[in-house]
Amino acid sequence: MQLRLDRQTPAVLEGLGRFGRDLREDQGIVRLRVESEERLPEMSRWLASQGVGLYHLAVERRSLEAVFLEVIGDG
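Thresholds applied
- Residues numbered from 1 in each chain as written.
- Predicted model: local features only at pLDDT ≥ 70, side-chain atom pairs only at ≥ 80, totals over all residues.
- Heavy atoms only, no water.
- Core = buried A, V, L, I, M, F, W, Y, C linked by side-chain atoms within 4.5 Å.
- Buried < 20%, exposed > 50% of the residue type's maximum accessible area, 1.4 Å probe, protein only.
- Helix = DSSP H or I, 4+ residues; strand = E, 2+ residues; numbered from the N terminus.
- Contact = heavy atoms within 4.5 Å.
- Salt bridge = Lys/Arg side-chain N within 4 Å of Asp/Glu carboxyl O.
- Arc of directions from axis to C-beta.
- Pairing = 2+ DSSP bridges.
- Axes fitted to C-alpha atoms, helices over the stretch in contact; angles between N-to-C directions.

S.K.: Residues and numbers for the nonpolar core, please.
M.R.: Leu3, Leu5, Val12, Leu16, Phe19, Met43 and Leu47 are the most contacted members of the largest nonpolar core, which has 13 residues in total. Breaking this core down by element, the ones donating at least two residues are β1 (2-5), α1 (10-16), β3 (29-33) and α2 (40-49). Ranked by the residues each element gives to this core, the list is headed by α2, at four residues. When residues no more than four places from it in sequence are discounted, the contact partners of phenylalanine 19 are Leu32, Val34, Arg39, Glu42, Met43 and Trp46.

S.K.: Residues and numbers for the pattern of salt bridges, please.
M.R.: The tally for this structure, following the rule as stated, stands at four salt bridges. Residue arginine 21 pairs with aspartate 22 through a salt bridge whose shortest N-O separation is 3.4 Å. On the accessibility criterion, aspartate 22 (40% relative accessible area) is partly exposed. The structure contains a network of salt bridges with shared partners spanning Arg21, Asp22, Arg33 and Glu35.

S.K.: Can you break down α2 residue by residue, with the values?
M.R.: Residue pairs three or four apart in sequence face the same way in an α-helix, which turns once every 3.6 residues. If you check which residues of α2 are buried, you get Leu40, Met43, Trp46 and Leu47. Projected down its long axis, α2 shows its buried positions confined to an angular sector of 125°, all on one face. Residues Arg45, Ala48 and Ser49 are exposed on α2 and point more than 90 degrees away from its buried face. In the core, the buried residues of α2 are packed alongside β1, α1, β3 and β4 (54-58). Glycine 51 occupies a position one or two residues after α2 and carries a positive phi of about 75°.

S.K.: Give me the lowdown on the sheet that holds β4, citing residues and values where you can.
M.R.: Reading across from one edge, β2-β3-β1-β4 is the order of the four strands in this open sheet, with antiparallel pairing throughout. Of all strands in the sheet, those bounded by a partner on one side alone are β2 (21-26) and β4. In this sheet, adjacent strand axes meet at a mean angle of 15° when their direction is disregarded. Bridge analysis of β1 against β3 gives two bridges, and the strand direction is antiparallel.

Shown next as structure tokens:
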């Protein structure tokens, strides 16, 4: 998933890590892999409780090819 927040402190990024895995930040966009979309309401409530504004949230679904390459390796 992709998130765009009004602030991305180390504490906020660390806290987001409990909702998924492979968290990374790139040019103001936070990317995080979550197991289920059912975590999204809990995550948005947590962000609000931390005083963090959520400007964008998009779920990205991986293609079958991406999953295959992840499992067997791409090189």
